[in-house]
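Residue-level listing of the chains:
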Amino acid sequence: MIEVEIKLPIDNKETVETNLKKLGFIKSSLVCEEDIYFDNDAGQIRKNGEALRVRKVTDLLANQTDVVITYKGKKMDQISMSRKELETGVADAEICTQIFESLGFRVILPKVKKTRQEYTFDQMTACIDQVQDLGDFLELEMVITEDKNKDDALGQIEKMLQRLGYSLKDTTRNSYLSMLQHVEDE
């Protein structure tokens, strides 16, 4: 699976939400996500531009929590956050963390905590993220199965971004973790 994604900071999330609704996006899930990132002692995962995390996702409407492990590959271009993403569910975040630590991985601080309101439109997802200690962000993303469809998906996202009054120049390629650590992503 390939996640084609852009991310940008926003000043007024209410305005963005109103504009998403005007463009046909439908409000879907409201979740709280808590991410714990891992790396080896040499920091090789991060140096390679990859990511390994355990994410607790609490559905705030259903009051149900799920846990997933995610591997994110290297970014596929110089424009977006597009990358290979592999994700699967696990039963217990704490046990998973202990397994990773027993295998020699270490927790990378800080944890990333955010409240995410999702909207959907056709094959596109818009996320309004309120990230603890960072502020509000908009993510637009599409999930594709074949690398050859990446440019088309990114084009659709760019058009939607423009309809919302933004451009690719407004986006960032830095992860929330890097922003919290005040470092640039590779």
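For the structure, check the block above.
This one's a predicted model, so the numbers in the text were calculated from it and none came from an experiment. (Residues numbered from 1 in each chain as written. Predicted model: local features only at pLDDT ≥ 70, side-chain atom pairs only at ≥ 80, totals over all residues. Heavy atoms only, no water.)

**Student:** I would appreciate a short explanation of the overall build of the chain in the present structure.
**Tutor:** When helices and strands are counted, the chain shows 5 helices and 8 strands. Reading the chain from its N end, one meets helices and strands in the order β-α-β-α-β-β-β-α-β-β-β-α-α. For 186 residues, the compact-globule estimate of 2.2 N^0.38 gives 16 Å, and the chain sits close to it at 16 Å. The 186 residues of the chain split such that 45% are buried. Taking as baseline every contact in the chain between residues at least 6 positions apart, the subset at least 24 positions apart corresponds to 63%. (Helix = DSSP H or I, 4+ residues; strand = E, 2+ residues; numbered from the N terminus. Rg over C-alpha atoms; globule rule 2.2 N^0.38 Å. Buried < 20%, exposed > 50% of the residue type's maximum accessible area, 1.4 Å probe, protein only. Contact = heavy atoms within 4.5 Å.)

**Student:** How do you make sense of the environment of Glu184 when you look at a structure like this?
**Tutor:** Along the chain, the position of Glu184 falls in the segment after α5 (176-181). The exposure class of Glu184 is exposed, given its relative accessible area of 65%. Between the C-alpha atom of Glu184 and that of Pro9, which follows or precedes it by 175 residues, the distance is 15 Å. Looking at Glu184, its side chain comes within polar contact range of the side chain of Asn174, at 3.3 Å. (Polar contact = N/O pair within 3.5 Å; in protein donor to acceptor, adjacent residues only side chain to side chain.)

**Student:** Help me understand the packing of aromatic side chains in this model?
**Tutor:** Pairs of aromatic rings are described using the distance from one ring centre to the other and the angle between the two planes. Inspection of every chain in the model, using the stated rule, returns 4 aromatic pairs. Their ring planes at 40° and their centres at 5.3 Å tell us that Phe25 and Phe121 sit as a pair that is tilted. Linking Phe25 in the loop between α1 (13-22) and β2 (26-39) with Phe121 in strand β6 (residues 106-121), this pair joins segments that are 96 residues apart in sequence. Ring geometry for Phe38 against Phe100: centres 4.9 Å apart, planes inclined by 85°, an arrangement best described as edge-to-face. With Phe38 in strand β2 and Phe100 in helix α3 (residues 93-102), the pair connects residues that are 62 residues apart, well separated along the chain. The same class applies to Phe38 as to Phe100, namely buried. Connected via pairs of aromatic rings, a cluster forms that spans Phe38, Phe100 and Phe105. A cation sits over an aromatic face here: Lys7 above Tyr176, 3.8 Å from the ring centre. (Phe/Tyr/Trp six-rings, centres within 6.5 Å; stacked < 30°, edge-to-face > 60°. Lys NZ or Arg CZ within 6 Å of the ring centre and 35° of its normal.)

**Student:** I'm lost on the pattern of salt bridges in this one. Help?
**Tutor:** Oppositely charged side chains may form a pair once their charged atoms are brought near each other. For the structure shown, the criterion picks out 16 salt bridges. A salt bridge links Lys72 to Glu3, with the shortest nitrogen-to-oxygen separation between them at 2.9 Å. With Lys72 in strand β4 (residues 64-75) and Glu3 in strand β1 (residues 2-9), the pair connects residues that are 69 residues apart, well separated along the chain. When the shortest N-O distance is used, the salt bridge between Arg55 and Glu33 registers 3.4 Å. (Salt bridge = Lys/Arg side-chain N within 4 Å of Asp/Glu carboxyl O.)

**Student:** Honestly, α3 in this entry has me stumped. Any pointers?
**Tutor:** Because an α-helix packs 3.6 residues into every turn, residues spaced three or four apart end up facing the same way. Looking only at α3, the buried set comprises Ala93, Cys96, Thr97 and Phe100. Taken around the axis of α3, the buried residues stretch over an arc of 100°, which confines them to a single face. For α3, the secondary structure elements touched by its buried residues are β2, β3 (51-59), β4, β5 (83-90) and β6. For α3, the capping residue at the N-terminal end is Asp92, with a side-chain oxygen 2.9 Å from the backbone nitrogen of Glu94. Looking one or two places after α3, you find Gly104, whose phi comes out positive at around 100°. (Arc of directions from axis to C-beta.)

**Student:** How should I be thinking about the nonpolar core in this particular structure?
**Tutor:** In this structure, Leu20, Phe25, Leu138 and Leu140 are the most contacted members of the largest nonpolar core, which totals 23 residues. Element by element, the count of residues in this core is highest for helix α4 (residues 150-163), at 5 residues. Excluding residues that lie within four positions of it along the chain, Phe25 makes contacts with Leu20, Tyr119, Thr120, Phe121, Met124, Thr125, Ala126 and Met160. (Core = buried A, V, L, I, M, F, W, Y, C linked by side-chain atoms within 4.5 Å.)

**Student:** Which parts of the structure should I look at to understand α1?
**Tutor:** Within α1, burial applies to Val16, Glu17 and Leu20. Projection of α1 onto a plane perpendicular to its axis shows the buried side chains occupying an angular sector of 100°, all on one side. One side-chain oxygen at the N-terminal end of α1 lies 3.1 Å from the backbone nitrogen of Glu14; it belongs to Asn12. A positive phi of about 105° marks Gly24, the residue just after α1.

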